[in-house]
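Next come the chains, spelled out residue by residue.
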Amino acid sequence: MKNYNTDILFILILGLLSMLTPLAIDMYLPSFGAIAEDLQVSKERIQPTLALFTMGFALGQLLWGPLSDSYGRKSMMVTGVVIAAVIALWLTQVEELYHFYGLRFLQGFFGSAPAVVAGALLRDLFNKEALSKMMSMIMLVTMIAPLVAPILGGHIAEWFHWHAIFYLLAALGLLSALLVWLRIPESLPKEKRVPFDLMGVLHNYRTVGTNKRVLGYIFTNAFSYSGMFCFLTSGSLVYTGVYGVAPQHFGYFFILNIGVMMVATFLSGRFVSRLGTERILRMGLWVQLIAGLWLAACAFFQWGLWPAAIGVAFYVGMVSVVSSNANTAVLALFPRTAGTANSLIGMLRFATGAVIGAILALFSTASDKPMLFAITLCILASVATYKLLVKSEK
């Protein structure tokens, strides 16, 4: 089989595919006010659309992973991306809030296909250390999306209309599907596929989900990610409403976050072969713990914008380090059912984030305290999970 370690086009295509989710999440954040105005509701009622997208994304992974184990990786990725692109176009036609809610859920459901199946495809092609390095390289490409998405989305909404954001999402989705179909290999030959059987799928989920150490990695990752999701859920309203940041400038704070993330991800990929996935994972958790405690101090002493922004940047910057290394540790244990394992990883991570984000949305955004304390609680839960379920099992 071709060596994809040095195939730049392969990395760029999978990176573009992975960009679709952060674009769908981040690009419309500055348009919450405009969407609320068009649908004639309050800004707070637009916040749940993010949690609904994430919940659909989480539940969809339960389906796409096992389907890819049975019918191949490539066709499942293309199917999900194309349907999600059509739904993005449909979103521009809604006039009722609850229609918007439902379509965002479906967009997340079908948009989850490339996210979960791409991880399984990489597991098919690479061994453990090479997998972690490749995931880090693709993550670097993927980070372009959250780096530019809020700024691009803010300017698109200012120059045109928030509908144009979803037109762009649809176009990128169709382009990604075409590139996958033409240039990405089918990594799971027919003789290695697992016949689709509902009871068999449930058995595989039980096998993965009853492994104490695996659950430790999954929930360490899930709680770490949930802290970032707290920022995604309330960050735009806190930064603009509490700290006084102009909506069109909110995206620049993403540059700070993603800048730290790019450096951390690059270093993780560079040193993982020397230090191992476990040590890199622990280092990421330590940095997040310090950042989380710093944010609690920011909330308690009311230090304001820049101390909080720096704390958020270091917290968010470590999410990819924790995620890529925790995922690698799990996938290495389940080579034949990597799609199913990746489904459970993704479902629990995004479901946890969606639930915590939905709870956070119940609190007022007139203060930064709910968001900052929520991030602190997330990393405390992540570290506790790692110590109780992973470290204790070694």
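Up top you'll find the structure we're talking about.
Counting restarts for each chain, with residues numbered from 1 along the sequence as it is written. Totals for whole chains, interfaces and linings use all residues, but because this is a predicted model, local features are given only for residues with pLDDT of at least 70 and pairs of side-chain atoms are given and counted only at 80 or more. As a rule here, side-chain values cover all heavy atoms of the structure and leave hydrogens and water aside.

Q: Whenever I open this one, the pattern of salt bridges confuses me. Can you help?
A: Close approach of charged atoms lets side chains of opposite charge pair. We define a salt bridge as a side-chain nitrogen of Lys or Arg found within 4 Å of a carboxyl oxygen belonging to Asp or Glu. Considering all chains together, one arrives at one salt bridge under this definition. In this structure, Glu278 and Arg213 form a salt bridge, with 4.0 Å as the shortest nitrogen-oxygen distance. Here Glu278, found in helix 12 (residues 277-301), pairs with Arg213, found in helix 10 (residues 212-241); they are 65 residues apart in sequence, far enough to count as distant. Burial classes follow relative accessibility: with a 1.4 Å probe on protein chains only, a residue under 20% of its type's maximum area counts as buried, one over 50% as exposed, and anything between as partly exposed. With a relative accessible area of 29%, Arg213 lands in the partly exposed category. Numbering of helices and strands runs from the N terminus; a helix is a DSSP stretch of H or I covering at least four residues, while a strand is a stretch of E covering at least two.

Q: Sorry, what's going on with the environment of Ser367 here?
A: Topologically, Ser367 is positioned in the loop between helix 15 (338-361) and helix 16 (369-390). The exposure class assigned to Ser367 is partly exposed, which follows from its relative accessible area of 26%. For the pair Ser367 and Leu237, spaced 130 residues apart in sequence, the C-alpha to C-alpha distance is 9.7 Å. We call two residues in contact when some of their heavy atoms are within 4.5 Å. Leaving out residues up to four positions away in the same chain, Ser367 has contacts with Val238 and Val242. We call two N or O atoms a polar contact when they sit within 3.5 Å, provided that within protein one can donate a hydrogen and the other can accept it, with sequence-adjacent residues counted only if both atoms are side-chain atoms. Within the structure, Ser367 has its side chain in polar contact with the backbone nitrogen of Lys369 (distance 3.1 Å).

Q: What is the right way to look at the environment of Ile87 in this model?
A: With respect to the helices and strands, Ile87 occurs in helix 4 (residues 73-91). Spatially, the C-alpha atoms of Ile87 and Pro66 are 23 Å apart, while their sequence positions differ by 21 residues.

Q: Just to check I follow, could you spell out the nonpolar core for this structure?
A: Generally speaking, soluble globular proteins have nonpolar side chains that are buried together. Ranked by size, the top nonpolar core spans 122 residues in total, and within it Phe10, Tyr28, Phe100, Leu232 and Tyr239 carry the most contacts. In terms of residue count, helix 5 (residues 97-125) provides more of this core than any other element does, 12 residues in total. Aside from chain neighbours lying at most four places away, what touches Tyr28 is Ile35, Thr49, Leu50, Phe100, Arg104, Ile165 and Phe166. By nonpolar core we mean a set of buried residues, namely Ala, Val, Leu, Ile, Met, Phe, Trp, Tyr and Cys, connected to one another through side-chain atoms within 4.5 Å.

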